[in-house]
Amino acid sequence: MKEKITSAFQSFGRVIVDPVLFLAVVGIVLAISTLFNITQVPFFVALGTLLSAATNDAIIGNLPLILCVGIAAGLAKKQKANGAVFAIISYLMFVYINNAYLTLTKGLIESGSAGMALFATGQAVVLGKQVTDINVFGGVIIGCIVAFVYNKALDIKVPEVLRIYGGPRLALIIMIPTMILFSIIVTIIWPPIAIFINNASTFIINS
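What you see is a predicted model, and the numbers here were worked out from it, not measured in a lab. (Residues numbered from 1 in each chain as written. Predicted model: local features only at pLDDT ≥ 70, side-chain atom pairs only at ≥ 80, totals over all residues. Heavy atoms only, no water.)

Asker: Help me understand the nonpolar core, please; the structure alone is not making it clear to me.
Answerer: One broad rule of soluble globular proteins: the nonpolar side chains tend to lie buried together. With 31 residues, the main nonpolar core has Phe94, Ile142 and Met179 as its most contacted residues. Residue assignment for this core shows that the elements contributing at least two residues are helix 3 (63-75), helix 4 (80-104), helix 5 (135-155) and helix 6 (168-206). The residues touching Met179, leaving out its near neighbours within four places in the chain, are Ser90, Met93, Phe94, Ile97, Ile142 and Ile145. In terms of nonpolar packing, the next biggest core, distinct from the first, is built from five residues, Val15, Leu63, Leu67 and Val140 among them. (Core = buried A, V, L, I, M, F, W, Y, C linked by side-chain atoms within 4.5 Å. Buried < 20%, exposed > 50% of the residue type's maximum accessible area, 1.4 Å probe, protein only. Helix = DSSP H or I, 4+ residues; strand = E, 2+ residues; numbered from the N terminus. Contact = heavy atoms within 4.5 Å.)

Dropping the structure here:
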């Protein structure tokens, strides 16, 4: 039992490092874009804006999705390409289901004061949809769920007549109700967790 737990943590550690390593390049490019923006030279300011869009907006802004795909594909035992596609599908399902549930229950929060948008409201806009703000933690959690369901589904033998629904397709069949349940649970349990994290961060900063 202890060996299995140790092995699982080691595997998780290896797969989460790969997407994080891309951030080393992102940091350098962001530093360069900042330098360009403070030159006040129109050409360099424009170039800095493009570099920021390519790194801060595209990569940092979608880090949860990137981590989700990286973890799921890394932990997939077979057919890793299908595992990556399955992770994207699953993350998109979370975004749209969570938004739909918040809409149905009238749980969508209005934007804050000018310039604040949804900051500190517990919700955020992800891929154009307002959802519960689980940020990077959400990407990691969904990636782990995806990898678990995907690996289990690949091991399930289906009758020959239903072969087309086996493997990755069976994983999707299982993931749809799983993501619906996860998306609903998140709206209930995540706000208190987010408040605890914010309070802990504030305490550490003040200390």
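Asker: In this structure, what is going on with the packing of helix 3 against helix 5? I would like to understand it.
Answerer: A pair of packed helices is captured by two measures, namely the crossing angle of their axes and the spacing between those axes. Where helix 3 contacts helix 5, the axes come no closer than 7 Å and their chain directions differ by 25°. Considering their axes alone, helix 3 and helix 5 lie roughly parallel with respect to each other. Along this stretch, helix 3 crosses helix 5, giving a crossing that reads as right-handed. Contacts from Leu63, Pro64, Leu67, Cys68, Ile71, Ala72 and Leu75 in helix 3 reach Asn135, Val136, Gly139, Val140, Ile142, Gly143, Cys144, Val146, Ala147 and Asn151 in helix 5. The class makeup of the residues in the contact of helix 3 with helix 5 is 13 nonpolar, four polar and no charged. (Axes fitted to C-alpha atoms, helices over the stretch in contact; angles between N-to-C directions. Parallel < 35°, antiparallel > 145°, perpendicular 65-115°, else oblique. Left-handed = near helix turned anticlockwise from the far one by under 90°. Nonpolar A, V, L, I, M, F, W, Y, C, P; charged D, E, K, R; others polar.)

Keep in mind these numbers describe shape, not what the thing actually does.
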